[in-house]
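So the chains spell out like this:
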Amino acid sequence: MARLTKEQYIESLRKLNLKVYMFGELIENPIEHPIIRPSLNAIAMTYEMAGKPEHEDVMTAISHLSGRRVNRFTHIHQSTDDLRNKVKMLRLLGQNTACCFQRCVGMDAINSTYSTTYEIDKAHGTNYHRLFTEYLEYIQDTDYVIDGAMTDPKGDRSKSPSQQSDPDMYLRVVERREDGVVVRGAKAHQTGMVNSHEVMVMPTRALKPEDKDWAIAFSIPTDSEGITIIYGRQSCDLRKLEEDADVDLGNKEFGGHETLVIFDDVFVPNDRIFLNGETEFAGILVERFAGYHRQSYGGCKVGVGDVLIGAAALAAEYNGANKASHIKDKLIEMTHLNETLYCCGIACSSEGKPTDAGNYQIDMLMANVCKQNVTRFPYEISRLAEDIAGGLMVTMPSEKDFKNPDIAPYLEKYLKGIDGASTENRMRILRLVENLTLGTAAVGYRTESMHGAGPPQAQRIMIARQGNIEGKKSFAKKIARIKD
Ligand code: SF4
Ligand code: FE
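Since the model is a prediction, treat every value here as computed from it, not as a measurement.

Peer 1: Explain the sheet that holds strand 7 (residues 180-191) here, please?
Peer 2: For sheets, the rule is that strands pair by backbone hydrogen bonds, running either parallel or antiparallel. Sheet architecture is open: six strands sit in the order 2-1-10-11-7-6, paired in mixed fashion. Two strands lie at the open edges of the sheet, namely strand 2 (25-26) and strand 6 (172-177), each paired on one side alone. Bridge analysis of strand 1 (residues 20-22) against strand 10 (residues 227-231) gives two bridges, and the strand direction is parallel. Paired with Tyr21 across the strands is Ile230, a residue of strand 10.

Peer 1: Help me understand the coordination of the iron ion (ligand 2), please; the structure alone is not making it clear to me.
Peer 2: Octahedral metals with six donors have ideal donor angles of 90 or 180 degrees. Tetrahedral metals with four donors have an ideal donor angle of 109.5 degrees. Donor atoms from the polypeptide that bind the iron ion (ligand 2) are Tyr297 (OH) and Glu448 (OE), placed at 2.3 to 2.5 Å. Placement of the pair is Tyr297 in helix 7 (residues 282-318) and Glu448 in helix 15 (residues 440-451), with a sequence separation of 151 residues. Across this residue pair, the class does not change: Tyr297 and Glu448 are buried.

Peer 1: Would you take a moment to explain the site of ligand 1 for this structure?
Peer 2: In the vicinity of ligand 1, the contacting residues are Cys100, Phe101, Gln102, Cys104, Val105, His293, Ser296, Tyr297, Cys300, Lys301 and Glu448. Counting atoms within 2 Å of the grid points, the majority share of ligand 1 lands in the largest pocket. Listed by contribution, the elements that provide at least two residues to the shell around ligand 1 are helix 5 (104-124) and helix 7. The biggest single contributor to the shell around ligand 1 is helix 7, with five residues. Residue composition of the shell around ligand 1, by class: six nonpolar, three polar and two charged.

Peer 1: Looking at this structure, I do not really get the side chain of Asp108. What am I missing?
Peer 2: Along the polypeptide, Asp108 turns up in helix 5. Looking at Asp108, its side chain comes within polar contact range of the side chain of His293, at 2.6 Å. Contacts of Asp108, omitting those with residues within four sequence positions, involve Lys86, Phe289, Tyr292, His293 and Ser296.

Peer 1: Mind showing me how you'd approach a nonpolar patch on the surface here?
Peer 2: Among the surface-exposed residues, Phe23, Leu238 and Leu241 lie close enough to one another that they form a single nonpolar patch of about 280 Å² accessible area. Overall, Phe23 belongs to the partly exposed group, its relative accessible area being 42%.

Peer 1: Please clarify how the sheet that holds strand 9 (residues 216-221) should be interpreted in this entry.
Peer 2: Spatially, the four strands line up as an open sheet ordered 5-8-9-12, and their pairing is mixed. This sheet does not close on itself; its edge strands, each paired only once, are strand 5 (146-149) and strand 12 (273-276). Along the sheet, successive strands turn relative to each other by an average axial angle of 15 degrees, direction set aside. Pairing geometry for strand 9 and strand 12, over three bridges, is antiparallel. Each bridged residue has a counterpart across the sheet, and for Ile216 the counterpart in strand 12 is Asn276. On the sheet, helix 5 packs against strand 5, strand 8 (198-201) and strand 12 and is oriented at approximately 65 degrees with respect to strand 5. Against the sheet, helix 6 (residues 128-142) contacts strand 5, strand 8, strand 9 and strand 12, and its axis sits at roughly 145 degrees relative to strand 12.

Peer 1: Would you mind showing me how to read the packing of aromatic side chains here?
Peer 2: Aromatic rings in a pair are described by how distant their centres are and how their planes are angled relative to each other. According to the stated counting rule, one finds seven aromatic pairs in the structure shown. With centroids separated by 6.4 Å and ring planes inclined at 85 degrees, the aromatic side chains of Phe218 and Phe263 adopt a geometry described as edge-to-face. Residue Phe218 is located in strand 9, and its partner Phe263 is located in strand 11 (residues 258-269); the two are separated by 45 residues in the primary sequence. The same class applies to Phe218 as to Phe263, namely buried. Members of the aromatic cluster, joined through ring pairs, are Phe132, Tyr135, Tyr138, Tyr144 and Phe274. Across from the ring centre of Tyr342, 4.4 Å away, lies the NZ or CZ of Arg91, which sits over that ring. Its guanidinium or amino end placed over the ring of Tyr297, Lys301 lies 4.5 Å from that ring's centre, counting from NZ or CZ.

Peer 1: Any chance you could explain the side chain of Glu278 here in plain terms?
Peer 2: Along the chain, Glu278 turns up in the loop between strand 12 and helix 7. One buried charged side chain, Glu278, makes no salt bridge at all; its nearest oppositely charged neighbour is Lys212, positioned 7.5 Å away. Polar contacts involving the side chain of Glu278 include one to the side chain of Tyr128, which spans 2.8 Å. Setting aside residues up to four positions removed in sequence, Glu278 forms contacts with Ile120, His124, Thr126, Tyr128 and Ala215.

So, how was this worked out
Residues numbered from 1 in each chain as written. Chains lettered and ligands numbered in written order. Predicted model: local features only at pLDDT ≥ 70, side-chain atom pairs only at ≥ 80, totals over all residues. Heavy atoms only, no water. Pairing = 2+ DSSP bridges. Helix = DSSP H or I, 4+ residues; strand = E, 2+ residues; numbered from the N terminus. Donors = N, O, S within 2.8 Å, 3.2 Å for Na, K, Ca; no water. Buried < 20%, exposed > 50% of the residue type's maximum accessible area, 1.4 Å probe, protein only. Near = heavy atom within 4 Å. 1 Å grid on protein atoms, 1.4 Å probe; cavity = no way out; pocket = protein on both sides within 12 Å on 5 of 7 lines; lining within 4 Å. Sits in = over half its atoms within 2 Å of the grid points. Nonpolar A, V, L, I, M, F, W, Y, C, P; charged D, E, K, R; others polar. Polar contact = N/O pair within 3.5 Å; in protein donor to acceptor, adjacent residues only side chain to side chain. Contact = heavy atoms within 4.5 Å. Patch = residues over 30% accessible without salt bridge, like charges linked within 9 Å, V, L, I, M, F, W, Y side chains within 5 Å. Areas by Shrake-Rupley, 256 points an atom, 1.4 Å probe, with all protein chains shown as cover. Salt bridge = Lys/Arg side-chain N within 4 Å of Asp/Glu carboxyl O. Axes fitted to C-alpha atoms, helices over the stretch in contact; angles between N-to-C directions. Phe/Tyr/Trp six-rings, centres within 6.5 Å; stacked < 30°, edge-to-face > 60°. Lys NZ or Arg CZ within 6 Å of the ring centre and 35° of its normal. Lys, Arg positive; Asp, Glu negative; His and termini not counted.

Structure follows, in structure tokens:
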């Protein structure tokens with residue numbers, strides 16, 4: 001099959017028989033659900049943009065397996081150019097959706113699994129890499145979306161998986177059969193699960209030999225028997241259910257989604273297992289996946305940041321504050337912070353190196369620095385956007401008030417800014433800032449900036465490990481002419 005169009009992607013989702021719950025009810029038709037649909041539209045952009053000739057270079061790549069052009073989200077990075085183009089692709093999509101478009105987790109999962117399976121086979125004489133490569137061909141051929149599933153619920157954080165009072169707090173193998181394994185557990189914060197065809201499960205931490213049953217990686221269809229998806233709430237999500245909701249949504253068309261996914265004795269066939277008991281490789285897989293996803297944030301969050309900076313600039317323009325020097329300076333500061341994140345994304349890509357399997361990996365230290373900055377800068381960019389937007393962003397009446405003839409004239413008159421800018425447009429832009437900083441998109445832009453791809457402390461551990469303090473000490477000693 002060739003690459004899918006946006007319409008074909010949406011049609012392909014209709015074939016899935018997902019078990020999704022939201023607000024305590026089983027959802028019959030997730031595709032048309034008003035709360036879920038914007039998140040589907042966001043992933044659909046990864047197909048739509050890939051079909052545009054002007055974006056072909058960043059949105060697609062030539063598969064090293066088939067030699068055919070594939071969507072970059074299914075591609076295994078073959079060079080530093082590929083790594084940079086990935087970051088550019090994510091920025092482009094962030095600019096065009098202003099939310100989390102969800103598909104990157106699967107891309108980062110396949111790239112980390114590709115090199116790790118190669119190394120497991122070398123160490124253990126297993127056959128995971130061939131199986132994984134065949135699976136990859138299938139994904140490139142179908143142009144499917146993979147949900148990358150790493151985060152376990154983790155229970156008591158002071159205990160390892162095998163020490164937990166409830167062993168299901170980390171997803172594990174509960175039965176080993178001739179033809180595969182049966183797994184039980186859950187994966188939390190699952191981005192885009194309802195819009196994905198496949199779910200690729202990986203361990204969430206480094207494991208010890210006694211944690212063998214928790215050392216499992218595999219990929220299966222999202223509608224496999226035993227999988228239950230519980231949809232996460234987002235701030236202001238009910239606005240999407242309001243009749244004719246538009247202006248108040250801030251971003252009507254796009255959004256992200258997060259879910260809790262339960263695996264209740266799910267069967268995984270042998271040809272879909274890519275790690276099974278080789279505990280010493282769990283940490284390597286986690287580190288690689290996290291590294292790629294920390295690079296990703298130097299693209300996607302920057303694209304969303306571009307929208308927020310633009311919205312803040314328009315808010316200032318609409319109320320006539322745009323010429324004030326402090327407003328100009330705040331926009332400069334926001335741009336500086338946003339481009340710093342992009343610099344990190346591009347830098348860790350440019351310094352990428354080939355793995356033993358031949359695919360390219362980002363520079364780990366720089367990728368962790370990138371994500372550490374992402375845990376801070378979007379907060380400062382949001383603070384400055386709220387500063388520029390003013391209090392009206394959170395005191396503004398609803399769009400229904402603007403439609404009530406008794407009060408609409410008052411609102412039109414008193415909420416107007418400069419001549420030449422409509423009150424409605426002013427409202428639209430303030431609602432967009434609200435959506436990005438406090439509403440549904442704030443999940444993707446703010447809290448996900450903190451916790452997605454690992455919380456700040458996870459990067460600090462990696463920075464400590466990769467920072468080469470000993471090397472730095474030797475530079476200092478040499479300059480200070482210290483002889484040990
Ligand atoms: Fe992609 Fe960013 Fe969403 Fe992660 S947070 S899935 S990198 S858009
Ligand atoms: Fe994320």
